[in-house]
Amino acid sequence: HFVIQGCSSRVPEEIEGRPLDSVPDHCNVPIGGFFGWAPGATIGGVPTNAGVAIGKGFGVQAISINVHYTDGDADYLEGKQAIATDGIRVHYTPDLRPNTVTTSPIINVGFGPKEMHIEPSKKRAFMTRTCTIESKCQDLADEKMNLLGSMMAGDPELTCASGASKMYCGFSEPFKMACPMSCGLCGKDSPRNVEEYKAISTFYHGHVIAREMYMTLIPKDSNEKIDLKSRTIWGYDDQSGYDLDNVILRPGDKIQTTCVYDSSERNSITRFDLATYDEMCLNTITTLMPLPEVEEGGLSMANEIDIRGFRCATSEAGDIWLGHLSPEEDPRDIMNLHPLKDQECSFPTGIFTFSGVPTQEMRCNGSIVKSDEGLCSDIDGSFLMPAINAGYSC
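Residues numbered from 1 in each chain as written. Predicted model: local features only at pLDDT ≥ 70, side-chain atom pairs only at ≥ 80, totals over all residues. Heavy atoms only, no water.

K.L.:
What am I meant to see in the state of the cysteines here?
P.N.:
A covalent bond bridging the sulfur atoms of two cysteines is what the word disulfide describes. Throughout the structure, instances matching the rule amount to seven disulfides. Here Cys-137 engages in a disulfide with Cys-186; their sulfurs sit 2.0 Å apart. Linking Cys-137 and Cys-186, the disulfide has an S-S dihedral of approximately -70° and is accordingly described as left-handed. Within this pair, whereas Cys-137 is found in the loop between strand E7 (125–135) and helix H1 (142–153), its partner Cys-186 is found in the loop between helix H3 (173–178) and strand E8 (197–203), the two being separated by 49 residues in sequence. Note on accessibility: Cys-137 and Cys-186 belong to one class, buried. Between the sulfur atoms of Cys-169 and its disulfide mate Cys-183 the distance is 2.0 Å. Between Cys-169 and Cys-183 the disulfide shows an S-S torsion of about -80°. By sign, it is left-handed. Remark: Cys-183 occurs in the loop between H3 and E8 and Cys-169 occurs in the loop between helix H2 (160–165) and H3; sequence separation between them is 14 residues. Judged by relative accessible area, which is 17%, Cys-183 ranks as buried. (Disulfide = S-S within 2.5 Å. Helix = DSSP H or I, 4+ residues; strand = E, 2+ residues; numbered from the N terminus. Buried < 20%, exposed > 50% of the residue type's maximum accessible area, 1.4 Å probe, protein only.)

K.L.:
Just to check I follow, could you spell out the nonpolar core for this structure?
P.N.:
Membership of the largest hydrophobic core comes to 37 residues, with the highest contact counts inside it found for Met-127, Leu-249, Ile-255, Tyr-261 and Ile-285. Apart from residues lying up to four places away in sequence, Ile-255 is in contact with Ile-106, Arg-129, Thr-130, Cys-131, Ile-133, Met-215, Thr-216, Leu-217, Leu-228, Leu-249 and Ile-285. Met-145, Leu-148, Cys-169 and Leu-185 belong to the second largest nonpolar core, which has 17 residues in total. (Core = buried A, V, L, I, M, F, W, Y, C linked by side-chain atoms within 4.5 Å. Contact = heavy atoms within 4.5 Å.)

K.L.:
Where do I start with the sheet that holds strand E21 (residues 367–370) in this structure?
P.N.:
Backbone hydrogen bonds hold the strands of a sheet together, and the pairing may be parallel or antiparallel. Spatially, the three strands line up as an open sheet ordered E17-E20-E21, and their pairing is antiparallel. Both edges of this open sheet fall to strand E17 (345–346) and E21, since each of them pairs with a single strand only. In terms of strand pairing, E17 meets strand E20 (residues 361–364) through two bridges, oriented antiparallel. Note that in E20 the partner of Cys-345 across the bridge is Cys-364. (Pairing = 2+ DSSP bridges.)

The structure is reproduced here in C-alpha cells:
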C-alpha cells in the first residue's frame, strides 16, 4: 500500500524519483489528514466541491510516496528480483475548491507493545476503543507538555503557560498547535473553535486476518446508536472508503470502533506491527469544512485545517482493549457485552497530540505498567516519532 505525505521544501535533484532508505525529515506534512492507498481504496476520494490543498502556500513543495510490498521474496519469483511498476497520477488545479477535508483517527494502532497481541486459534478476536470527541482548540495537559518539552526542547518543566510567557507563541508553530488557548488562537468566537463536524466518510484498515470492521456513533444527548457503515464482512483486498449521509459529530459524542480478527489457522500470537502478516487496526473518519483563510500571526494553511478537525480524548475511558466474541455476539454492542470496566488490563492512548496511538504502556487494575519493549526501546534516550505514518523513525 501507499502512504503519501507532503514535503515542506523541495527535494534535492539528485534524489528526486529515487528509492530512499527512509522518509526525509521534512517530508512529514499530512495531506488531507491522511492520504494513501490500500487494495480496493480510492486515493483522495473527496466531493467535487472539495479538494486537498498542496503547494508552497500550503507548506507542501514536494511529495513523498512510501510504498509497502509483501512477499518480495516469494517462491514463485524463483530467486529473481521483484520489479515494481506501481505509481500514482495526481490531477491538480490552481483554482481552489471552496471546501477541504481532514481525517481523524478513531483508533490508530499500527504498532503496539508486545503485550498487545491476538491469541492464536480464535475465530472472532477483537480490538476496540471508545472515542469521546473533543475539539483541538484546547491546551495539552501539563504532564504531556512536560514530556514534550523534555523531548523536543530539553525543558522537562515546560507547560503551555510557561511557554507562552517565554514568547514561544511567536515563533513555534508546533507549540501553538499544542497550546492554542494560551496562544490566543481559540477564543469563544474563533472559527477554529468548531462545534459541529460534518462527517463524509469512514475508512477501515487491517491486515490479512481482519474479517469485520465496526463504527457506531452514540450522540451525547441521546441513547440512539447510529451505525457508521460497519462491515460485517471485510477483507484485506477490498479496503474501500464508505460515504456517510447527513452525519454531524459534536464534542462529547462517543464513537465505538472495533476490528475483528480470525486467527483460527494460526498457531502463534499475532503482533500489532508494520508487516503484512502482523496486524493493524486503523479506523478513521473524514470531515468536510470550508477552506480556511490564513491570517498574519495565525497558523499555516495545513494547521488551520488540522485544528478544525476533531480528536479523541485520551482519558482512561479512551483506552484500547482486546477480547473474544462468540459467534452470535454483535460487536456494535461491545460496550455492554465486553465493557472496558471488566478488563483486567487495557492500553492507554495518545502520544502528545496524536490521537488513538497506543503508548508503550498497559493499565492493569488501575495502575500503569510500562512495557519493556517498543520499536525504539533499544536506542537510549529515543522515542517514536508518531507523525511518521509508514515506516518508523526514532
